[in-house]
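# Observations on the three-dimensional arrangement
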Amino acid sequence: MRVSAAKRTLAACVGMLFTMSALAQTPIHAQMPIHAQMPAADVLRPAGTWSETNFGNAPLPPMGWNSWNAFATQIDEEKLMGSAQAIVKSGLRDLGYRYINIDDGWWQKRGQPDGRMQIRTSIFPSALVVGSQETSFRPLVDRLHALRFKAGIYTDIGRNACSQGYPQADSLLPTGTVAEREVGIFDHVDQDLSLYFQAWGFDYIKVDGCGLNAFGADSPAVKSGQFHAFPVMVVSDAINQTEVAKIRGLYAEVRDVLERLRPDGDFVFSICNWGTANVRAWGRDTGNLWRTSDDIEPRWTQMLYNFDSVATRELYSGPGHWNDPDMLFIGHGDFDDQHLTEARTHFALWAIEDAPLIIGFDLRQAPRSLLDIWGAAEIVAVDQDAGGNQGVIEYSSDDALIIVKQLSGRDEKAVVIFNRGSAPLKATLTAEHLKFLPSAPIQARDLWAKRDLPAFTKEMSVDLAPRESVMLRVKGQPELAGGMYLSEMPARIYVAADGVRDLQADPQIHRPVGLESGTRGAGPRPALAGWGAPRADSTPYNNQLRLRGHPYASGIGVLANSRLQVRTDRQFARFSAQVGLDDSSLERATRVRFEVYGDGRLLAQSPALGFEDSAFALDAGVSNVKILELVAREVGVGHAPSVVTWGAAALLR
Ligand code: GLA
């Protein structure tokens, strides 16, 4: 089943809201990141300790295989084990593809009256427990574990699942009474997770969200009498009608129970609410990965949409917590073995963004050309670099992008130069894009061609066919001899307060023609909240960082009334930055004070700076500091959010 945003919206709009006491009681985790709805004084108060919660087992972006893009609900044990065996045989497992994940379609029904979930044994015969009414995935999970895989299962945060809300002609759906068909986790969080993680031994869970948007009282699904109505909390293209706090609370409860059931932290929690409900901001505090957009499709323009939904979220990703642009669709449609340029680009883009690499193809019959893409060891190594820095956009137009990812080696970066357009392009990569000295030689290796290129100084050119990307690993002399820009270490940054006053849809994301709707209607509008969030090497509204006419190629752009934490771990001697109200700020009447805290102590601050003030140089000793906090505090309240720049913000040794 493919569910388009338009379809989800329609279902949600015809649904009626009603309240349920169970929802009001949903526990909200104590350590939620703070948003601007709280009084500014609270969100700006330095915590002195690292505020991000740590849970689960995802130090690197998860890699593996999932049944959905290959088989939809037509999954069965033979297909799954066949792909698992192919992963072993092809060497992909040893490259890191270690999760084998079952998606929608596995369930038969929720047994009554005990509520125990039952597996569809016609497709998973090993789940049949001889001489008993029970079913169990334990034998299958044991087989996967014996092959040195980890195993993943799927559920929905509501009472019913996506395949039920948006059935396809061939969907294998749960059977029985209305209650028996309630296979989602709602009201059964403890019971289901104990079954999946303790009795059956799963290690990974993907929790979908259709239960929160497809079962409104007026939805076709409910009107048909097959389902109980459930409050519509998600309106996919209307963040103002989406119940952000409730949705977040429901997902947080799942995380809390997982932490309890697996005290050793051996679990992965994948949030799948398609980038709605502002999950692009809170996902990292709740899940190990969170979908940033609606479903990927094997279409070029849909892939661009999924990619764009993560490409500007570099400050939200890092070890343990990954932006998820959805699973790979390599092998199908625009990314099949007749379209290797597109397939390689899809893979390179996912790798440079530290996206989870989850294969969605029937690997029992994969051609060599595709195995070579998933198996491109040097590209996988970029995705899996231990530093966990997501790539940062260093050149951006609608036609081309240059994305640079700082690797663990101080003087090493990975780069994707990407031709989005339909015409050939001669692209130029400069030392400035890499934050390397233009005068020193830069070594470059072409990761698809697996060959070293001649070293260059200043800049190099590459010819790109339409939709082609070149992926390089480069080594040079960093611009900052004794330090690093903050924008080179996004994984060390935690956005404790983003300064966003009102949630707004991010307009930068590609808007493809709908798969089913085509050009009927008026077309998709921006839908994913996140506009105005802090950025590396850009203002929050996609302008170049600039103070009184002076551009900064490196720095952090953020709204005022924000607080960013930076993990310095006593590894640096000084912090320095040029700060001020950015030239692009629409709000010019307010003043902003910049404060730098080390482990909760004020180390340096600027006066309250107005628009007429030139950039102020901040400098602070940080030798013994573990957590640096950068606060931009607005003095006076303006009509529009003030855009501020931490220009050339750097940690020096
Ligand atoms: C949603 C998810 C997909 C897949 C299907 C299953 O659309 O986003 O990834 O899990 O449901 O029905």
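Residues numbered from 1 in each chain as written. Predicted model: local features only at pLDDT ≥ 70, side-chain atom pairs only at ≥ 80, totals over all residues. Heavy atoms only, no water.

## Brief notes about the overall build of the protein chain
When helices and strands are tallied, the protein chain shows 17 helices and 31 strands. Over its C-alpha atoms the protein chain spans a radius of gyration of 25 Å, differing by no more than 12% from the 26 Å that the globule rule assigns to 653 residues. Based on the C-alpha atoms only, the size of the protein chain along its principal axes is roughly 75 × 55 × 50 Å. In the protein chain, which comprises 653 residues, the share counted as buried stands at 61%. Across the protein chain, every contact between residues at least 6 apart in sequence was considered, and the portion connecting residues at least 24 apart equals 75%. When the accessible surface of the protein chain is totalled, it reaches about 23100 Å², and 51% of it is carbon and sulfur. Side chains of the protein chain carry 65 positive and 76 negative charges; the gap between the two charge centres is 2 Å. (Helix = DSSP H or I, 4+ residues; strand = E, 2+ residues; numbered from the N terminus. Rg over C-alpha atoms; globule rule 2.2 N^0.38 Å. Buried < 20%, exposed > 50% of the residue type's maximum accessible area, 1.4 Å probe, protein only. Contact = heavy atoms within 4.5 Å. Areas by Shrake-Rupley, 256 points an atom, 1.4 Å probe, with all protein chains shown as cover. Lys, Arg positive; Asp, Glu negative; His and termini not counted. Charge placed at Lys NZ, Arg CZ, Asp CG, Glu CD.)

## A word on the packing of helix H11 (residues 244-261) against helix H12 (residues 279-286)
The interhelical angle for the contact between H11 and H12, taken along N-to-C directions, is 20°, at an axis separation of 10 Å. By the angle between their directions, the pair H11 and H12 is classed as roughly parallel. Note that H11 runs across H12; the crossing there is right-handed. Residues Val 244, Ile 247, Arg 248, Tyr 251, Ala 252 and Arg 255 of H11 form the contact with H12, whose own contacting residues are Trp 282, Asp 285 and Thr 286. A class-by-class count of the residues in the contact of H11 with H12 yields five nonpolar, one polar and three charged. (Axes fitted to C-alpha atoms, helices over the stretch in contact; angles between N-to-C directions. Parallel < 35°, antiparallel > 145°, perpendicular 65-115°, else oblique. Left-handed = near helix turned anticlockwise from the far one by under 90°. Nonpolar A, V, L, I, M, F, W, Y, C, P; charged D, E, K, R; others polar.)

## Quick notes on the pattern of salt bridges
Tallied over the full model, the rule gives 44 salt bridges. We note a salt bridge from Asp 203 to Arg 262, for which the minimum N-O separation is 3.8 Å. Within this pair, whereas Asp 203 is found in the loop between helix H9 (189-199) and strand S6 (204-208), its partner Arg 262 is found in the loop between H11 and strand S7 (268-271), the two being separated by 59 residues in sequence. We note a salt bridge from Lys 435 to Glu 394, for which the minimum N-O separation is 3.7 Å. Placement of Lys 435 in the loop between helix H17 (431-434) and strand S15 (442-446) and of Glu 394 in strand S11 (residues 392-396) is noted, with a sequence separation of 41 residues between them. Linked by salt bridges that have partners in common, Arg 93, Asp 94 and Arg 148 make up one network. (Salt bridge = Lys/Arg side-chain N within 4 Å of Asp/Glu carboxyl O.)

## As for unusual backbone geometry
As a rule of thumb, non-glycine residues mostly have phi less than zero, and peptide bonds are mostly trans rather than cis. Pro 113 follows Gln 112 through a cis peptide bond whose omega is 0°. Take Pro 113: it is sitting in the loop between strand S3 (107-110) and strand S4 (117-119). Although it is not a glycine, Ala 277 sits at a positive phi angle of roughly 60°. Secondary-structure assignment places Ala 277 in the loop between S7 and H12. On the basis of relative accessibility, which here comes to 1%, the residue Ala 277 falls in the buried class. One non-glycine residue, Asp 354, adopts positive backbone phi at about 60°. With respect to the helices and strands, Asp 354 occurs in the loop between helix H14 (340-352) and strand S10 (357-359).

## Here's the deal with H12
For the α-helix, the turn length of 3.6 residues means that residues three or four positions removed from each other point alike. Among the eight residues in H12, eight count as buried, and that is most of the element. Those residues of H12 lying buried are Val 279, Arg 280, Ala 281, Trp 282, Gly 283, Arg 284, Asp 285 and Thr 286. Structurally, H12 contributes buried residues whose contacts are with H11, S7, strand S8 (289-291), helix H13 (300-311) and strand S20 (493-497).

## Let's talk about the site of the ligand
Residues in close proximity to the ligand total 15 residues, the closest being Asp 103, Asp 104, Lys 206, Asp 208 and Asp 295. Contact between the ligand and Asp 104: an oxygen atom at 2.7 Å from a side-chain N or O atom of the residue. In the environment of the ligand, an oxygen atom lies 2.8 Å from a nitrogen or oxygen atom belonging to the side chain of Lys 206. When the free accessible area of the ligand is taken as 310 Å², the share hidden by the protein chains comes to 100%. Among the elements of the structure, helix H8 (162-165) and S6 are those that each provide at least two residues to the shell around the ligand. Here the shell around the ligand is built from residues that sort into seven nonpolar, one polar and seven charged. (Near = heavy atom within 4 Å. Polar contact = N/O pair within 3.5 Å; in protein donor to acceptor, adjacent residues only side chain to side chain.)

## Brief notes about empty space enclosed by the protein
Tallying each qualifying case throughout the model produces six cavities of 30 Å³ or more. There is about 90 Å³ of room inside the second largest cavity. Lining the second largest cavity are Asn 66, Asn 101, Tyr 204, Lys 206, Ser 270, Cys 272, Leu 289, Arg 291, Asp 324, Asp 326, Met 327 and Ile 358. (1 Å grid on protein atoms, 1.4 Å probe; cavity = no way out; pocket = protein on both sides within 12 Å on 5 of 7 lines; lining within 4 Å. Points joined across faces, edges and corners; volume = space filled by probe spheres on them.)

## Some details on the nonpolar core
By size, the foremost hydrophobic cluster in this structure holds 112 residues, and its most contacted members are Trp 106, Phe 137, Phe 347 and Trp 374. Setting aside its immediate chain neighbours within four residues, Phe 347 contacts Tyr 97, Leu 328, Ile 330, Leu 357, Ile 373, Trp 374, Ile 379, Val 380 and Trp 448. Core analysis: the next-biggest nonpolar cluster, separate from the first, contains 38 residues, Tyr 316, Ala 533, Ala 536 and Ala 560 among them. (Core = buried A, V, L, I, M, F, W, Y, C linked by side-chain atoms within 4.5 Å.)

## Structural notes on the layout of surface pockets
Taken as a whole, the second largest pocket encloses approximately 380 Å³ of empty space. As for the second largest pocket, its lining consists of 16 residues, of which Ile 393, Glu 394, Tyr 395, Asp 537 and Gln 544 are closest to the centre. For the lining of the second largest pocket, the secondary structure elements donating two or more residues are S11, H17 and strand S21 (535-536). The dominant element in the lining of the second largest pocket, judged by the number of residues it contributes, is S11, at four residues. Its residues assigned to classes, the lining of the second largest pocket shows six nonpolar, six polar and four charged.

## Remarks on the sheet that holds S20
Taken in spatial order, the five strands make up an open sheet running S20-S25-S30-S27-S28, and their pairing is antiparallel. In this open sheet, the two edge strands, each paired with only one partner strand, are S20 and strand S28 (601-605). Taken over all neighbouring pairs, the strand axes of this sheet differ in orientation by 25° on average, direction set aside. Sheet topology places S20 next to strand S25 (residues 562-567); four bridges connect them, and they run antiparallel. The partner of Ala 497 across the bridge, within S25, is Arg 563. (Pairing = 2+ DSSP bridges.)

## As for the sheet that holds strand S1 (residues 63-66)
Ordered by their spatial adjacency, eight strands build an open sheet running S9-S8-S7-S6-S5-S2-S1-S10, and the pairing between neighbours is parallel. Each edge of the sheet is formed by a strand with only one pairing partner; in this case those strands are strand S9 (322-324) and S10. Averaged over neighbouring strand pairs, the angle between their axes works out to 25° when direction is ignored. Sheet topology note: the S1/strand S2 (residues 99-101) ladder contains three bridges and is parallel. When the sheet's bridge partners are listed, Gly 64 is paired in S2 with Tyr 99.

Such coordinate-based values are descriptive only and should not be taken to indicate function.
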